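So the chains spell out like this:
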Amino acid sequence: MPYPFTLTPLPYPYDTLSPVIGEDTLHFHHDKHMNAYVDNLNKAVEPHPELHDLTLNALLSHLNQLPQTIQTAVRNNGGGVYNHTLYFSTIGAPTAGTQPDAALKSAIDRDFGSMEEMQTQLAQAAVTRFGSGWAYVVSDAQGKLSICSTPNQDVPDLTQYVPLMTVDVWEHAYYLDYQNRRPDYVKAFLTLTDWNAVSKRYADRASLLETR
């Protein structure tokens, strides 16, 4: 979706993820934090009509081609919009009990050895990210999976990888529920994974690499 960017509605009621992620956390995280990134991204792009037909992927994939005066704003706020959209769609109701579809499960077993090992590596990347940032499972165009981590609101290289799922380790994502116990939050967060949504992103990875 190109400019003007809008706040993607939370895909479930605010109390759905409790007690793993509390209602108050979701209100602040989605309605305040994410919405601020949307507003600030629009403010940065608004004076540049030549950019209005570009998708968020396109903006983030070609930051060095944007006007220098807005590169930092798009990197920070565009990344914030991208990461949070992925984050809130990565998770669902704790009782959902979904599993990866056959194609994704096969890729996980091939590239990590097992689901448990993939989750262990993702949790390690999230817990050891210094300061604020993100940990992801990503796929390349051929379907090979790997783990990566970024600081602040940076995103993986969207010309090479499709992020399938992500863990937000900014403190506002968990502090009301877990205080400084990031490992506890990450462990609990992974129980919420909506594997239907993650599997769909894996199936759609080729089209998601298109940036225009």
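Structural data are supplied above this passage.
Residues numbered from 1 in each chain as written. Predicted model: local features only at pLDDT ≥ 70, side-chain atom pairs only at ≥ 80, totals over all residues. Heavy atoms only, no water.

A full pass over the atoms with the stated rule returns six salt bridges. Between Arg-110 and Asp-111 there is a salt bridge, and its shortest N-O distance comes to 2.8 Å. Under the relative-accessibility criterion, Asp-111 is labelled partly exposed at 21%. Notably, a salt bridge pairs Lys-200 with Asp-204, separated by 2.6 Å at the nearest N-O pair. (Salt bridge = Lys/Arg side-chain N within 4 Å of Asp/Glu carboxyl O. Buried < 20%, exposed > 50% of the residue type's maximum accessible area, 1.4 Å probe, protein only.)

Where helix H4 (residues 102-112) meets helix H5 (residues 115-128), the closest approach of the two axes is 8 Å, and the angle between their N-to-C directions is 70°. As far as their axial angle goes, H5 and H4 are roughly perpendicular. Once H4 is placed against H5, the crossing between them reads as left-handed. Contacts between H4 and H5 involve Ile-108, Asp-109 and Phe-112 from the former and Met-115, Glu-117, Met-118 and Gln-121 from the latter. Residue composition of the contact of H4 with H5, by class: four nonpolar, one polar and two charged. (Axes fitted to C-alpha atoms, helices over the stretch in contact; angles between N-to-C directions. Helix = DSSP H or I, 4+ residues; strand = E, 2+ residues; numbered from the N terminus. Parallel < 35°, antiparallel > 145°, perpendicular 65-115°, else oblique. Left-handed = near helix turned anticlockwise from the far one by under 90°. Contact = heavy atoms within 4.5 Å. Nonpolar A, V, L, I, M, F, W, Y, C, P; charged D, E, K, R; others polar.)

You can see Ala-173 is positioned in the loop between strand S3 (161-168) and helix H6 (175-178). Relative accessible area serves as the criterion here: at 0%, Ala-173 is assigned to the buried category. Separated by 164 residues in the primary sequence, Ala-173 and Pro-9 have C-alpha atoms spaced 17 Å apart. What Ala-173 contacts, discounting residues up to four positions off in sequence, is Thr-25, His-29, Tyr-87, Asp-168 and Tyr-185.

Across the sheet, which stays open at both edges, the three strands sit in the order S2-S1-S3 with antiparallel pairing between neighbours. Pairing within the sheet leaves two strands with one partner each, and these edge strands are strand S2 (145-151) and S3. The sheet shows a mean angle of 30° between the axes of neighbouring strands, taken without regard to direction. (Pairing = 2+ DSSP bridges.)

Moving on: the pairing of strand S1 (residues 133-140). Taking burial as the measure, the eight residues of S1 include eight buried ones, the bulk of the element. Residues Gly-133, Ala-135, Val-137 and Ser-139 of S1 are buried on one face, and the alternating residues Trp-134, Tyr-136, Val-138 and Asp-140, pointing to the opposite face, are buried as well. As paired strands, S1 and S2 are joined by seven bridges and run antiparallel to one another. Bridging across to S2, Tyr-136 finds its partner in Cys-148. Linking S1 to S2, which pair antiparallel, is a turn of four residues; within it Gly-143 sits at a positive phi near 95°.

Counted according to the given criterion, the structure contains six aromatic pairs. Ring geometry for Tyr-87 against Trp-134: centres 6.1 Å apart, planes inclined by 80°, an arrangement best described as edge-to-face. Highlighted residues: Tyr-87 in helix H3 (residues 68-90) and Trp-134 in strand S1, separated in sequence by 47 residues. Owing to a relative accessible area of 0%, Tyr-87 belongs among the buried residues under this scheme. The buried category is assigned to Trp-134, whose relative accessible area is 0%. Geometrically, the ring pair formed by Tyr-174 and Tyr-185 is stacked, given 4.8 Å between the ring centres and 20° between the ring planes. Residue Tyr-174 is located in the loop between S3 and H6, and its partner Tyr-185 is located in helix H7 (residues 182-189); the two are separated by eleven residues in the primary sequence. Looking at Tyr-174, the relative accessible area reads 3%, which means it is buried. Ring pairing ties together the aromatic residues Tyr-87, Phe-88, Trp-134, Tyr-174, Tyr-178, Tyr-185 and Phe-189, which thus form one cluster. The ring of Tyr-202 carries Arg-205 above its face, with NZ or CZ at 4.3 Å from the centroid. (Phe/Tyr/Trp six-rings, centres within 6.5 Å; stacked < 30°, edge-to-face > 60°. Lys NZ or Arg CZ within 6 Å of the ring centre and 35° of its normal.)

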